[in-house]
Amino acid sequence: MLDVSLAGTGGMMPLANRFLTSLITRLNGSMLLTDCGEGTQVTLKLLGWGFKNIDVICFTHFHADHISGLPGLLLTIGNSDRSEPVTLVGPCGLGNIVKSLCVIAPELPFKLEFIELPPSQGVSFELSGYKISTLPLDHRIRCVGYSYSVDRAGKFDAERAKAQDIPLRLWSRLQKGEVIDFEGRHYTPDMVLGDSRKGIKISYITDTRPVLSMPKFVENSDLFICEGLYGDNEKFQKAKEHKHMIFSEAAQIAKEGNVKELWLTHFSPAMPDPYNYIKFATSVFPNAKTGYDRMTKTILFEED
């Protein structure tokens, strides 16, 4: 299962009751944070999941409302007695920007490791139990979208293990994905597992105009989290000028991508009550919801 929380939902600036947009997920105790604007550690404190197990922080882009909270968060992670490295992922230039921000957080008790994404193409890689895929977006500066997939191995097949004379003591290790050399034989997980089963996929896109490849990128997501800076269709031209989206555009991507559920986020400070505009999304994609700070969901693997 995967725990998901929309830690903040504000765009541009925080409001008294709304922190800046960020997402945190929890898988087997390990946490992955996406974006870290001013005050992110405050909303994470209210959420109550802790800080020590934040292993990965991904950034969509380097506007202040998506990264300026990083130094304080890193200090808080350090104060939670973490010593293991934290991996930071983001567009090219990430290392230099973090180095500049961390002038005010110079003595962290853990190492920072960086994955800088190529400027003009999406990539896929595995990290902390996720298959992470990226998509270049259309914003005023370089920006990327993310999808996070959790694969699910096939069921353990005891009869197959017995038929191949695999020692009982190795069954559990093979079921967990370990490759083993034992007493002159080579054992692999596929020797004891059936066909792989449907996993979990969530997608996260913010600060962009619609891109033609978005529906395919978010396709079949269990949860699609997407910006909607403005709710009213009358704000289309303003959103276009500032390289953002309105509710109905996000909903259209959700519809074309055949996602299960859409959460809207990154609301303009001029829109304090985004739920008043949800009709502009649900008229296109019925299972659309306006996000709110610390909106949380546990996504379970589907039963066979």
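Computed from a predicted model, the values in this text were never measured in an experiment.

Student: Any chance you could break down the overall build of the chain for me, citing the residues and the numbers?
Tutor: Assigned secondary structure in the chain consists of 10 helices and 16 strands. Going through the 304 residues of the chain one by one, you find that 51% of them count as buried. Intrachain contacts of the chain at a sequence separation of at least 6 include 65% that bridge at least 24 residues. Accessible surface computed for the chain: about 14100 Å², of which carbon and sulfur atoms make up 50%. Taken as two groups, the 33 positive and 36 negative side-chain charges of the chain have centres that lie 2 Å from each other.

Student: How would you explain the side chain of T43 if you had to name every residue and give the values?
Tutor: With respect to the secondary-structure elements, T43 resides in helix α1 (residues 40–47). A polar contact of 2.7 Å, which involves the side chain of T43, links it to the backbone oxygen of A7. Every residue in contact with T43, bar those within four places of it in the chain, is listed here: A7, F19 and R294.

Student: Got a sec to walk through the packing of aromatic side chains? Specific residues and values, please.
Tutor: Tallied over the entire structure, the rule returns three aromatic pairs. For the ring pair Y146 and Y148, a centre distance of 5.8 Å and an interplane angle of 10° mean the geometry is stacked. The same class applies to Y146 as to Y148, namely buried. Each residue in the set Y130, Y146 and Y148 is aromatic and connected to the rest through ring pairs, giving one cluster. The ring of W49 has R26 sitting right over it, with the charged end atom 4.1 Å from the ring centre.

Student: Quick one: what's the story with the environment of A7, residue by residue and with numbers?
Tutor: Within the fold, A7 resides in strand β1 (residues 2–8). Other than its neighbours up to four places away in sequence, A7 contacts S22, L23, T43, L44, D293 and R294.

Student: Which residues make up the pattern of salt bridges, and what are the values?
Tutor: Taken as a whole and assessed by the stated rule, the structure comprises 12 salt bridges. Among the ionic pairs, E178 bridges to R173, the shortest N-O distance being 2.7 Å. A relative accessible area of 33% places E178 in the partly exposed class. Between K260 and D222 there is a salt bridge, and its shortest N-O distance comes to 3.3 Å. Of the two residues, K260 is situated in the loop between α9 (247–256) and β14 (262–265) and D222 in the loop between α7 (214–218) and β13 (223–227); the sequence distance between them amounts to 38 residues. Each of K198, D222, K260 and E302 takes part in one network of salt bridges that share partners.

Student: Tell me what's going on with the pairing of β13, and back it up with residues and numbers.
Tutor: A regular strand places its side chains so that they alternate between the two faces of the sheet. Counting buried residues along β13, five of its five residues qualify, which places the element largely inside the surrounding structure. Here β13 shows a buried face lined by L223, I225 and E227 and a second buried face lined by F224 and C226. Note that strand β12 (residues 197–205) and β13 share four bridges and pair parallel. When the bridges of β13 are listed, S203 appears paired with F224.

Student: Talk me through the nonpolar core; I want residue IDs and the actual numbers.
Tutor: Grouped together as the largest cluster of nonpolar side chains are 27 residues, with contacts concentrated most on L44, I54, I57, F59, L73, L74 and L88. Every element with two or more residues in this core is listed here: β3 (30–34), α1, β4 (54–58), α3 (70–79), β5 (86–91) and α4 (94–101). Broken down by element, this core gets its largest block of residues, four residues, from α3. With residues up to four places along the chain from it excluded, the contact list for I57 reads L33, L70, L73, L74, V86, T87, L88 and V89. Counting residues in hydrophobic clusters, the runner-up holds 26 residues, among them L2, C58, V89 and M295.

Definitions and limits used
Residues numbered from 1 in each chain as written. Predicted model: local features only at pLDDT ≥ 70, side-chain atom pairs only at ≥ 80, totals over all residues. Heavy atoms only, no water. Helix = DSSP H or I, 4+ residues; strand = E, 2+ residues; numbered from the N terminus. Buried < 20%, exposed > 50% of the residue type's maximum accessible area, 1.4 Å probe, protein only. Contact = heavy atoms within 4.5 Å. Areas by Shrake-Rupley, 256 points an atom, 1.4 Å probe, with all protein chains shown as cover. Lys, Arg positive; Asp, Glu negative; His and termini not counted. Charge placed at Lys NZ, Arg CZ, Asp CG, Glu CD. Polar contact = N/O pair within 3.5 Å; in protein donor to acceptor, adjacent residues only side chain to side chain. Phe/Tyr/Trp six-rings, centres within 6.5 Å; stacked < 30°, edge-to-face > 60°. Lys NZ or Arg CZ within 6 Å of the ring centre and 35° of its normal. Salt bridge = Lys/Arg side-chain N within 4 Å of Asp/Glu carboxyl O. Pairing = 2+ DSSP bridges. Core = buried A, V, L, I, M, F, W, Y, C linked by side-chain atoms within 4.5 Å.

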